[in-house]
Amino acid sequence: MILRGTRKIWSIPINHQLRTFSVNVTSQEKANVRIGCASGFWGDTAVAANQLVKIGNIDYLVFDYLSEITMSLLTAARRKNPDMGYAPDFIAAAMKPNLSDIVSKEIKVISNAGGINPSACSQQLKKVAEEKGLKLEIATVTGDNLLPELKKFKSAIQEIGSGKPLPKAAIVSMNAYLGAMPIKRALDLGAQVVITGRCVDSAVVLAPLMHEFDWASTDYDRLAAGSLAGHLVECGAQSTGGIFTDWQDVNGWHKMGFPIVDCNKDGSFVLTKPPNTGGIVTPATAAEQLTYEIGDPSSYVLPDVVCDFRNVRIEAVEKDESVKVTGARGRPPTESFKVCATYLDGYRITAVCCVGGKRAIAKGHKTAQSIIKRVRGILKTLGLPDFRRVHVQAIGDESPYGDNARTYGDDNEGPRETAIWMALEHEDKSALNIFAREIAAAGTGMAPGLSAIVGGRPRPSPILKLFSFLHLKQDLEATVHIDGKTEKISFCEKHTETISEEATLKEEQSVVLSGTSKYILEDLAYTRSGDKGNSANIGVIARHPAYVPYIEKYLTEEAVFKYFQHVFDGENENMIGNQVKRYAMPGIHGFNFVLTDCLGGGGVASLRTDPQGKAFGQMLLDFEFENMPTLPKPE
């Protein structure tokens, strides 16, 4: 039971050790806890925090800023300035304008804005509070940064999946995905604000629920439910109508409502948004976010619990405003933390040039190939090696669709404007600078209509590649810093409880009929896609339960592989069944497809226009279903 209002000294065993600390206490346990998320990534809108604080009626305000690439960028920032390495937007745009209201309303704040330097982030926030004459109890969680310890265990590191050793290249960042326990401990110690480094995104929501409801570390079903609540809000407005398949039905993007989860002690919760804000919250918007960037939905591995989301049910509460979510199940966590390292592997450059006039796409391609051919000649003369990779695309040529692209016939010259995308990779930055210098010459010596280089002459940037591995929890400690004191948190607890497996929900068996009707997937389903490193996933949610058997029969692993076969790395032979995997999610009448090694390296390592697979779901909506019966209209 969580108490508030007085100070009391407790002696509580933490991971087999007795520690003494003070805890804020009150007279009764909360019936429900409302948590709003104001940021889904570093760069999200600055208006979300004010919206949630002013009209969200929230108990907790949480922010998610970090990705693997963000961590490497923050590492570079700290190398230039030891006082940096955190997300400055959190201080200047989110906290400073709203801090007085946050304090007066007793809203608690949790954020991973600390990045690679959470202590500096906390110090900066403390300075802002002092300038405003506000007293703020700030806790800092450290311990995720493993880069200083690299030499101790470097030889034992093996990449998840491939088993490859850690590259010998320069390691830029290395951070463990911590879970909810250190954040919960900080709240137990009386923190009003908790700033962390790298932690799993959903932990910023699970931790306050464990704190408020006194959930045990072995209460797996509730931990899974709390993690699901965090997963649904961690990407901000993506669960309140942002990037929704039926985007044309969503209004008020300029005042988009940010998500709030109203959580109960039993683990059930309602997903909603502040009143009179833009966007919508429906079973479909929530189901899309449920499938976002997950793999096997029966085994979604997090530091505190392994989640089973197959049987999650989402039911409308108030039309377009809120839904109730139930059905998450949990199992004991694994013995390891996931660790993500980034390393330097050459350089890349991207140039985008506008092209106008008849046959714009043909002109753009010929221009791009001519520029690159000229530069290759210069490199050969200078004794420099060729480019490692080259990617050329004219926006509108539909090359990302591969064999599914719509081609222009002899009577159609195509669009009269385009932008030519040229992305190149080389081990030597100077080679890319030569390319950057040679682009402008095309404006007078090649095709007519080259009108602008977007952003001016491009500059090379480092390629940071991802390397993920596992690290035993027992070999890592986190530290909570608060009020000038420190609290060590170890992770040696053993989880040996046996968990009874719940039978997976089965869709009602329906006879798959044939007929003369034709549909595309957009008629039958919603989709949402995202990335994990060099892999992507596509969630497919049926618009009507009657559509599920047809999606299951025709949208197979083989069919999805064939549809996207041009995006996979390496040779395509013998890959079917290996690079596309389909998982059933009957609770939401859906499926999750995982496509491995399909993003050209992913993130900043990719040269493509869609390095994170964000458009894959939209592309799949054109998948055709033929010889179909006439199906009932969506509910």
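In this text, all values refer to a predicted model and were calculated from it rather than measured experimentally. (Residues numbered from 1 in each chain as written. Predicted model: local features only at pLDDT ≥ 70, side-chain atom pairs only at ≥ 80, totals over all residues. Heavy atoms only, no water.)

Draft legend 1. Up close: the packing of helix α3 (residues 88–95) against helix α5 (residues 118–131). One can describe the packing of α3 onto α5 by two numbers: an axis separation of 9 Å at closest approach and a directional angle of 25°. As the angle between them shows, α3 and α5 are arranged roughly parallel. Classified by chirality, the crossing of α5 by α3 is right-handed. Facing α3, whose interface residues are Phe 90, Ile 91 and Met 95, α5 presents Cys 121, Gln 124, Leu 125 and Val 128. (Axes fitted to C-alpha atoms, helices over the stretch in contact; angles between N-to-C directions. Helix = DSSP H or I, 4+ residues; strand = E, 2+ residues; numbered from the N terminus. Parallel < 35°, antiparallel > 145°, perpendicular 65-115°, else oblique. Left-handed = near helix turned anticlockwise from the far one by under 90°. Contact = heavy atoms within 4.5 Å.)

Draft legend 2. Spatial organisation of the packing of helix α11 (residues 360–382) against helix α12 (residues 429–438). Two elements in contact, α11 and α12, have axes separated by 10 Å at closest approach and are oriented at 140°. Considering their axes alone, α11 and α12 lie oblique with respect to each other. The chirality of how α11 crosses α12 is right-handed. Taken together, the residues of α12 that come into contact with α11 (itself represented by Ile 371, Ile 372, Arg 374, Val 375, Ile 378, Leu 379 and Leu 382) are Ala 431, Ile 434, Phe 435, Arg 437 and Glu 438. Its residues placed into classes, the contact of α11 with α12 shows 9 nonpolar, no polar and 3 charged. (Nonpolar A, V, L, I, M, F, W, Y, C, P; charged D, E, K, R; others polar.)

Draft legend 3. Spatial organisation of α5. In this model α5 runs 20 Å from its N-terminal to its C-terminal C-alpha over 14 residues, within 8% of the 20 Å that 1.5 Å per residue would give. Residues of α5 that are buried: Pro 118, Ala 120, Cys 121, Ser 122, Leu 125, Val 128 and Ala 129. In this fold, the buried residues of α5 make contact with α3, α4 (99–104), β6 (138–142) and β8 (193–196). (Expected span 1.5 Å × (residues − 1). Buried < 20%, exposed > 50% of the residue type's maximum accessible area, 1.4 Å probe, protein only.)

Draft legend 4. Main features of the pattern of salt bridges. Across all of its chains, the model carries 23 salt bridges by this definition. The salt bridge partner of Arg 329 is Asp 221, with a shortest N-O separation of 3.0 Å. Placement of the pair is Arg 329 in strand β15 (residues 329–331) and Asp 221 in helix α9 (residues 220–233), with a sequence separation of 108 residues. Taken together, the shared-partner salt bridges in this structure form one network comprising Asp 345, Arg 388, Arg 389, Glu 425 and Lys 465. (Salt bridge = Lys/Arg side-chain N within 4 Å of Asp/Glu carboxyl O.)

Draft legend 5. Layout of the sheet that holds strand β5 (residues 108–111). Pairing is mixed across the open sheet formed by 11 strands, whose spatial order is β13-β14-β10-β9-β3-β4-β5-β8-β6-β21-β22. Single-partner strands in this sheet number two, and they are β13 (313–318) and β22 (485–490). Strand-to-strand twist of the sheet, defined as the mean angle between neighbouring strand axes without regard to direction, takes the value 20°. In terms of strand pairing, strand β10 (residues 269–272) meets strand β14 (residues 322–326) through 3 bridges, oriented antiparallel. Its bridge partner being in β14, Leu 271 is matched across the sheet by Val 323. Taken strand by strand, helix α8 (residues 203–213) contacts β3 (32–37), β4 (60–63), β5 and β9 (260–264), and its axis lies near 160° from that of β3. (Pairing = 2+ DSSP bridges.)

Draft legend 6. Main features of the sheet that holds β15. Pairing is antiparallel in the open sheet, where 3 strands are placed in the order β11-β12-β15. Only two strands of the sheet have a single partner each, and these edge strands are β11 (300–301) and β15.

Draft legend 7. Local environment of the nonpolar core. Among the nonpolar cores identified, the biggest contains 122 residues, and Leu 61, Phe 63, Phe 90, Leu 125 and Met 174 are the most heavily contacted of them. Once residues within four sequence positions are removed from consideration, Leu 61 is found in contact with Gly 36, Ala 38, Ala 49, Leu 52, Val 53, Ile 102, Ile 107, Lys 108, Val 109 and Ile 110. The next biggest cluster of nonpolar side chains, apart from the first, holds 33 residues, and it includes Ala 536, Val 540, Phe 591 and Cys 598. (Core = buried A, V, L, I, M, F, W, Y, C linked by side-chain atoms within 4.5 Å.)

Draft legend 8. Molecular detail of the environment of Val 548. Tracing the backbone through its elements, the reader meets Val 548 in helix α15 (residues 548–554). Taking relative accessible area as the criterion, Val 548 reaches 3% and is therefore assigned buried. Distance in space between the C-alpha atoms of Val 548 and Ala 525 is 9.1 Å, their sequence separation being 23 residues.

Draft legend 9. The confidence of the model for the protein, seen in detail. Model confidence for the protein is summarised by a mean pLDDT of 91, while 91% of its residues fall at 70 or above. Low pLDDT, under 50, characterises residues 1–27; the predicted model gives this stretch 72 contacts beyond four residues in sequence or across chains. (pLDDT = per-residue confidence, 0-100.)

Draft legend 10. Looking closely at helix α2 (residues 68–80). Between its first and last C-alpha atoms α2 spans 19 Å; for 13 residues at 1.5 Å apiece the expected length is 18 Å, and the two agree. Among the residues of α2, Thr 70, Met 71, Ser 72, Leu 74 and Thr 75 are the ones counted as buried. Looking at the buried positions of α2, the neighbouring elements they touch are β7 (171–176), β16 (336–356) and β20 (461–472).

Draft legend 11. Seen up close, the side chain of Ser 529. Tracing the chain through its elements places Ser 529 in strand β24 (residues 525–532). From its side chain, Ser 529 meets the backbone oxygen of Gly 613 in a polar contact 2.8 Å long. Separated by 3.5 Å, the side chain of Ser 529 and the backbone nitrogen of Phe 616 make a polar contact. When neighbours within four sequence positions are excluded, Ser 529 is seen to be in contact with Tyr 292, Asn 537, Ile 538, Gly 613, Lys 614, Ala 615, Phe 616 and Gly 617. (Polar contact = N/O pair within 3.5 Å; in protein donor to acceptor, adjacent residues only side chain to side chain.)

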